[in-house]
Each structure stands twice: as structure tokens, then as C-alpha cells.
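In case you want the letters, here they are:
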Amino acid sequence: MTAHLDLDLSVSWQKVHATREDLQLVRLSVLQAARGLSALALGVDPRRPSLGTPAEEWLESDANWTTSEGSTHVANVLGGIRTVCLAAADHMEVLEDSVQRGRATVTVWTLTRSVLESLGRVNYLLDGENVRELLSRHVALIRGEMKYAKHSTHIIRKVGLLDVDGYVADLEAMVQEVGGSKVRSPSYTELATNLLEAAAPDNGSRTRYSQLSGVAHGELSALQMFLTTEGFVLPRNLLVEAAAMVSAACVLVGDKLRDVTTSSESREAARWTAARDRAIVAALALQPWAEPEPEDDGAAAES
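Position numbers for residues count from 1 along each chain, tracking the sequence in the order it is written. Only residues with pLDDT of 70 or above have their local features reported here, since the model is predicted, and side-chain atom pairs are shown and tallied only from 80 upward, although totals for entire chains, interfaces and linings are computed over all residues. Think of the side-chain values as coming from all heavy atoms in the structure, minus any hydrogens and water.

A. Structural view of the overall build of the protein. Counting its regular elements, the protein contains 11 helices and 4 strands. Split into buried and exposed, the 303 residues of the protein put 45% on the buried side. Whether two residues are in contact is decided by their heavy atoms, any of which lying within 4.5 Å being enough. Excluding contacts between residues fewer than 6 apart, the proportion of contacts in the protein whose partners are at least 24 apart in sequence is 72%. Per-residue and other accessible areas were derived by the Shrake-Rupley procedure at a 1.4 Å probe size, with only the shown protein chains allowed to occlude residues. Carbon and sulfur atoms form 51% of the exposed surface of the protein, whose accessible area is close to 16,400 Å². Starting at the N terminus, helices and strands are each numbered in turn, a helix being any DSSP run of H or I of at least four residues and a strand any DSSP run of E of at least two. The buried label goes to any residue with under 20% of its type's maximum accessible area, the exposed label to any with over 50%, and the partly exposed label to all in between, with areas taken from a 1.4 Å probe on protein chains only.

B. Geometry of helix α8 (residues 205-216). An expected span of 1.5 Å times one less than the residue number is assigned to each helix. In a regular helix each residue adds 1.5 Å, so 12 residues correspond to 16 Å; α8 covers 17 Å between its end C-alpha atoms and thus fits that length. For α8, the secondary structure elements touched by its buried residues are α4 (106-126), α7 (188-199), α9 (220-223) and α10 (236-261). Positive backbone phi, at 75 degrees, marks glycine 218, one or two positions downstream of α8.

C. Representation of the packing of helix α1 (residues 20-42) against helix α11 (residues 267-286) in the model. The axes are straight lines fitted to the C-alpha atoms, using for helices just the contacting stretch, and the angles between their N-to-C directions are given from 0 to 180°. The geometry of α1 relative to α11 is characterised by a closest axis approach of 8 Å and an angle of 160 degrees between their N-to-C directions. Between α1 and α11, the interaxial angle falls into the category roughly antiparallel. In the packing of α1 onto α11, the handedness of the crossing is left-handed. Here Asp22, Leu25, Val26, Leu28, Ser29, Gln32, Ala33, Gly36, Leu37, Ala39 and Leu40 of α1 lie close against α11, whose contacting residues are Glu268, Arg271, Trp272, Ala275, Arg278, Ala279, Ala282, Ala283, Ala285 and Leu286. Under the convention adopted here, Pro, Cys and the residues Ala, Val, Leu, Ile, Met, Phe, Trp and Tyr are nonpolar, Asp, Glu, Lys and Arg are charged, and Gly plus all remaining residues are polar. Here the contact of α1 with α11 is composed, by residue class, of 14 nonpolar, 3 polar and 4 charged. The labels follow the angle: roughly parallel below 35 degrees, roughly antiparallel above 145, roughly perpendicular from 65 to 115, and oblique for the rest. Two helices cross in a left-handed way if the nearer one is turned anticlockwise from the farther one by less than a right angle. They cross in a right-handed way if the turn is clockwise.

D. Molecular detail of helix α6 (residues 164-177). Taking 1.5 Å per residue as the helical rise, α6 with its 14 residues ought to reach 20 Å, and the 20 Å between its terminal C-alpha atoms agrees with that figure. Buried within α6 are the following residues: Val164, Val168, Leu171, Met174 and Val175. Buried residues of α6 fall within an arc of 120 degrees about the axis and therefore sit on the same side. Exposed residues lying more than 90 degrees from the buried face of α6 are Asp170 and Glu177. Elements in contact with the buried residues of α6: α3 (73-100) and α5 (131-146). Note: the arc covers the axis-to-C-beta directions of the helix.

E. Inspection of unusual backbone geometry at higher detail. A positive phi angle, near 60 degrees, is found at aspartate 202, a position not held by glycine. In this fold, aspartate 202 is placed in the loop between α7 and α8. For aspartate 202, a relative accessible area of 70% puts it in the exposed group.

F. Representation of the environment of valine 106. Mapped onto the secondary structure, valine 106 falls in helix α4. Taking relative accessible area as the criterion, valine 106 reaches 18% and is therefore assigned buried. Remark: the alpha-carbon pair of valine 106 and alanine 222, spanning 116 residues in sequence, is separated by 9.7 Å. Sequence-distant contacts of valine 106, defined by excluding residues within four places in its chain, comprise Val215, Leu223, Phe226 and Phe232.

G. Fine view of the pattern of salt bridges. The working definition used for a salt bridge is a side-chain nitrogen of Lys or Arg within 4 Å of a carboxyl oxygen of Asp or Glu. By the definition in use, this model includes 18 salt bridges. A salt bridge links aspartate 45 to arginine 47; the nearest nitrogen and oxygen atoms lie 3.4 Å apart. Residue classification places aspartate 45 among the partly exposed residues on the basis of a relative accessible area of 21%. The partner of aspartate 259 in a salt bridge is arginine 258, with the nearest N and O atoms 3.0 Å apart. Accessibility expressed as a relative area gives 46% for aspartate 259, which makes it partly exposed. Sharing partners across several salt bridges, the network here consists of Asp255, Arg258, Asp259, Arg276 and Asp277.

H. Representation of the state of the cysteines within the structure. Defined by distance alone, a disulfide is two cysteine sulfur atoms within 2.5 Å. Across all of its chains, the model carries 0 disulfides by this definition. Counting only cysteine sulfurs, cysteine 250 is the nearest neighbor of cysteine 85, a cysteine outside any disulfide, at a range of 7.7 Å. Using a relative accessible area of 0% as the deciding quantity, one classes cysteine 85 as buried. When its relative accessible area of 0% is taken as the criterion, cysteine 250 is described as buried.

Shown next, in the form of C-alpha cells:
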């Protein structure tokens, strides 16, 4: 016997269509951030970042050991950050394209979740206060993802078939020997939620991520946000939230990557700053955001 759920389909308020101006602002906010991040990631050599940057200090540190492939662990971390940023930007490009072509509804939120989880990894790494914490966090992420990688076969150049357990053990031993520590592997819920909270404080980051996950999991309680008597729709409010989340997360991570890998006068830093400023202007025009409070510089005028 098939069980039928009594779904409430009285959600006609969600049939709000985005205007042409809305779609243009989504394009500007999402694409400017995504393409700016791609250019920034591709413009930085993981082995030769700008002089005087934290990344250069990490590479020159005695804690940065050479790997079996002739690279270094810090270079591998920086290279991984670049790859993940490019993946997140790719998700953002597809999200924007599908919206413009009117071909996506629930997929928009699934792609938003992918962006947040990807950039959550980068945010977690870049929040490390020094090279040893960076490496400790890197190994924590590797341990977490390799937990399920044993079901697959991994071939490494110059090494051959990867022994997953041995690989993780070697990394953990390296971290201990350079003065790092064994850090608990964070969940993707933690990574994405912490990123959202940092990008948009006090905006219900945990609840928003749960809604994104519910859609990705096909949970009926979450899918009802998109459901009308005519089928799935993409309400304007959900489109705006998706654009705001990915743009804000991308700007936050891009700023951190710029500050870690480039000098303030570099071409890469200038291009990123220009792109993220355009994305912010569009995002602010897309929905009413509260104006930030002026910073207190200690010289407030007397009333």
C-alpha cells in the first residue's frame, strides 16, 4: 500500500517572477564574483606567490617539507585551494546560466550548497593563523575526505597506487614532526555554516544551510518552498537568497585569498578588488540590506 502525504500546496505567494532587472543584477553579482575569483586563483602560482605575503612565508618555513613528488606540502595546499576555488566558480557560472535560461528551480539551491561547501574548505584553511595550523587543518580535511575514498582506486604520479591509510598516516606524522597538531576533521555542515556566518553574520546560517541540504536530499519539507499546484517554480525570494549567499561567500574567501597570496599593489589584487566591488554593488541593489554601521575611529563628533 502506498502512503500519501497531505502536502499543503497553497503557496501561490511563491509565484513571484524575477524581473529583467533582477536577472541582470543576479548576473552581475554572481558572475563578477565567480570570474573574479577564477582570475585571482589562476593568477597566483602556488610555488611563487607575491613577495612578502603570508603564502611566501609559509613556503619558506622550515615546517614546509618536500613531498615524495618533489613539491612541498604548503605548495600542495595552495594548489588545492586554487583548484577548489575554480570548482566553486564553475558552480556559480552554471547557477547563473541556468537562471538566465529559465531552466532551473531546485537546482539553484543545490548549486548554492555546492558553492558553500567548496568555499567552506578554503575558508577553513585560510583561517589558520600560521603555517603549522594551515598544515594541521589541511591534514584534517584530507583525513575526512579519505575516510570514504577507500572505495576508490587512486593513482599518484611517480608513486603509483595510493595506500590511503598509509598516505593519511604519513601526513599526520609529518604534521606532528613539524610542530603541528592533530585536528578533528570538520563536517561539511560546519564548514558551510561557519562560512555563511562569517560572510553574513546573524542571518540564520545554520538554518539556511539545513534548507539547502534538505533540497539536495529531496526532503519534501524543503522542496515545498519551490512547489506550487503547477509544479516547481523559482520564487524571487529564493533566487535572491541564493545569489546573496554565493556572492557573499565568494567575496569573503576571495578577499582572504588576495590578502594571503598577493601584494596590495599587484595586478591580481587590483583585478579581484574591482570585480568584488562590482559584485557587491549588484548584490546590494538586488535586495535591501542594512547599511553597515560606520567604524568608530575614536574621533566621533560631539552632539
